[in-house]
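Breakdown of the fold
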Amino acid sequence: QVQLLESGGGWVQPGGSLTLSCAASGRGFSDYAMGWFRQAPGKDREFVTAISKSGRSTVYADSVRGRFTISGDSAKSRVYLQMNSLKPEDTAVYYCALAPRGLSARPELYDYWGQGTQVTVSS
């Protein structure tokens, strides 16, 4: 089994920054990707970004490209999401997830999920 624990959420004013962290523990995989998804009230869960195990490949949703940066530390089994220039529409619960078969933006390929951390962007 795999456990994922997010941290770093909170409240920030528009234009501000936050960094989310996700710690993974449990079994290992020969290849995997770690991703961030988010879900706003009344909306479906949506893909934000993902990073490959090596860290050499990343993918971003159009809505966050250029503002958010994903990074990983495979030795520490951690992944980070640096969020800059935050907008009210970024308000959501952010989830860390792990896909055992490699990089993907498809939530159905992520078998393991954290409990989520709330990010609120408002003035």
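For the structure, check the block above.
Presented here is an overview of the structure given in this document. (Residues numbered from 1 in each chain as written. Predicted model: local features only at pLDDT ≥ 70, side-chain atom pairs only at ≥ 80, totals over all residues. Heavy atoms only, no water.)

**Some thoughts on the overall build of the protein**
Our working definition: Secondary structure elements follow DSSP: runs of H or I of four or more residues count as helices, runs of E of two or more count as strands, with numbering from the N terminus. When we talk radius of gyration, it's over C-alpha atoms, and the globule rule is simply 2.2 Å times the number of residues to the 0.38. Whether a residue is buried, partly exposed or exposed follows from its accessible area with a 1.4 Å probe, protein chains only, as a fraction of its type maximum: under 20%, in between, or over 50%, in that order. Contacts are assigned to residue pairs with any non-hydrogen atoms lying within 4.5 Å of each other. What sets the accessible areas is the Shrake-Rupley method with a 1.4 Å probe; for residues, cover comes only from the shown protein chains. His is not counted, nor are the chain ends; Lys and Arg add positive charge and Asp and Glu add negative charge. Where a charge lies is defined by one atom per residue type, namely NZ (Lys), CZ (Arg), CG (Asp) and CD (Glu).
When its secondary structure is counted, the protein shows zero helices and 11 strands. The secondary structure elements of the protein, listed N-terminal to C-terminal, are β-β-β-β-β-β-β-β-β-β-β. For 123 residues, the compact-globule formula gives about 14 Å, and the C-alpha radius of gyration of the protein, at 13 Å, lands near that figure. Taking the principal axes of the C-alpha coordinates as reference, the protein spans close to 45 × 25 × 25 Å. Put simply, the protein has 123 residues, and 42% of those count as buried. Here the contacts in the protein between residues at least 6 apart in sequence split such that 57% fall between residues at least 24 apart. For the protein, the accessible surface area stands at approximately 6300 Å², while carbon and sulfur atoms represent 46% of it. Each charge class in the protein can be summarised by its mean position, and for the 13 positive and 10 negative side chains these summaries are 5 Å apart.

**What to know about the pairing of strand E5 (residues 46-52)**
Worth spelling out the cut-off: Here, a strand pair is defined by DSSP locating no fewer than two bridges between the strands.
The element E5 is extensively covered by neighbouring structure, given that six of its seven residues are classed as buried. Across six bridges, the pairing between strand E4 (residues 33-39) and E5 is antiparallel. Bridging from a neighbouring strand, Trp36 pairs with Thr49 of E5. The antiparallel pairing of E4 with E5 creates a hairpin that spans six residues between the two strands, and Gly42 there sits at a positive phi of about 80°.

**Digging into unusual backbone geometry**
Here Ser85, not a glycine, exhibits a phi torsion of approximately 50°, which is positive. Tracing the backbone shows Ser85 in the loop between strand E8 (78-83) and strand E9 (92-99). Residue class for Ser85 comes out partly exposed when judged on its relative accessible area of 41%.

Bear in mind that shape data such as this cannot, by itself, settle questions of function.
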